[in-house]
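# A structural walkthrough
Residues per chain are reported as follows:
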Amino acid sequence: MKRTDKANYYLDIAETVLERGTCLRRNFGAIIVKNDEIVSTGYTGAPRGRKNCIDTGICVRESLKVPRGERYELCRSVHAEMNAIISASRGDMIGATLYLVGREADSGDYVAHPAPCSLCKRMIINAGITRVVARNTASDFTVTDVQDWVENDESLAGTFGY
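Here is what the cut-offs are and how they apply
- Residues numbered from 1 in each chain as written.
- Predicted model: local features only at pLDDT ≥ 70, side-chain atom pairs only at ≥ 80, totals over all residues.
- Heavy atoms only, no water.
- UniProt positions renumbered as here; feature names shortened; annotations may be inferred.
- Pairing = 2+ DSSP bridges.
- Helix = DSSP H or I, 4+ residues; strand = E, 2+ residues; numbered from the N terminus.
- Axes fitted to C-alpha atoms, helices over the stretch in contact; angles between N-to-C directions.
- Salt bridge = Lys/Arg side-chain N within 4 Å of Asp/Glu carboxyl O.
- Buried < 20%, exposed > 50% of the residue type's maximum accessible area, 1.4 Å probe, protein only.
- pLDDT = per-residue confidence, 0-100.
- 1 Å grid on protein atoms, 1.4 Å probe; cavity = no way out; pocket = protein on both sides within 12 Å on 5 of 7 lines; lining within 4 Å.
- Points joined across faces, edges and corners; volume = space filled by probe spheres on them.
- Nonpolar A, V, L, I, M, F, W, Y, C, P; charged D, E, K, R; others polar.

Looking up the protein chain in an unreviewed UniProt entry gives the name Cytidine and deoxycytidylate deaminase zinc-binding region, with the organism given as Caproicibacter fermentans. The UniProt entry for the protein chain carries this comment under Sequence similarities (unreviewed entry): "Belongs to the cytidine and deoxycytidylate deaminase family." According to the UniProt record, the Cofactor (unreviewed entry) comment for the protein chain is "Zn(2+)".

What follows is the structure, encoded as structure tokens:
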């Protein structure tokens, strides 16, 4: 029997979390882990009390053919990273790692080049999270040092995100 490594263990949990997502375009799951304990989880969905896209049957960005990474103000959803961050105390996030997995809603394929959007990057920085681990495929992931975003302001603009 082969034991799953820690990164894939947490990515698998984030992947399960994304199954609660309600976006018609793509769903993400995020978990924040510190000292080998899960601090919080989040998935893509409308703010509490508002109808989700799966309930309305409409994705405004999709219907307007808005490219990935643009015009987030049209979206009903709160991103998975945001939901995980607002569900945790800052003290629990300082020095933590955020694990992120995304799947395309129509095909179920992993999101190519998954990365937090520029707004989520700013929230991750302010939360004190130090690493982001994003799943590319079932067996491949990317590890990003959040300090790289701090030192390279250009990294906060023009990312793919959702």
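Read on, since the account is not over.
## A closer look at the sheet that holds strand β2 (residues 37–43)
The strand order β2-β1-β3-β4-β5 describes an open sheet built from five strands, whose pairing is mixed. Every interior strand has two partners, whereas the edge strands, β2 and β5 (140–145), have only one. Going across the sheet, the axis of each strand differs from the next one's by a mean of 20°, ignoring polarity. Here strand β1 (residues 26–34) runs beside β2; their pairing, made up of six bridges, is antiparallel. In the strand pairing of β2, I31 is matched with T41.

## A closer look at the pattern of salt bridges
Here the idea is simple: oppositely charged side chains can pair when their charged atoms come close. Counting across every chain of the model gives seven salt bridges. Between D36 and K6 there is a salt bridge, with its nearest N and O atoms 2.3 Å apart. Residue D36 is located in the loop between β1 and β2, and its partner K6 is located in helix α1 (residues 6–18); the two are separated by 30 residues in the primary sequence. By relative accessible area, which is 43% here, K6 ends up partly exposed.

## Description of the confidence of the model for the protein chain
This prediction gives the protein chain a mean pLDDT of 92; 94% of its residues lie at or above 70. Within the protein chain, β2 carries the highest mean pLDDT (98), whereas helix α3 (residues 60–63) carries the lowest (88).

## Quick word on the layout of surface pockets
The volume enclosed by the largest pocket comes to roughly 270 Å³. Taken together, 16 residues make up the lining of the largest pocket; nearest its centre are Y43, G45, A46, R48 and N83. Taken together, the elements giving at least two residues each to the lining of the largest pocket come down to β2 and α4 (80–86). No other element matches the three residues that β2 contributes to the lining of the largest pocket. Tallied by class, residues from the lining of the largest pocket come to five nonpolar, eight polar and three charged.

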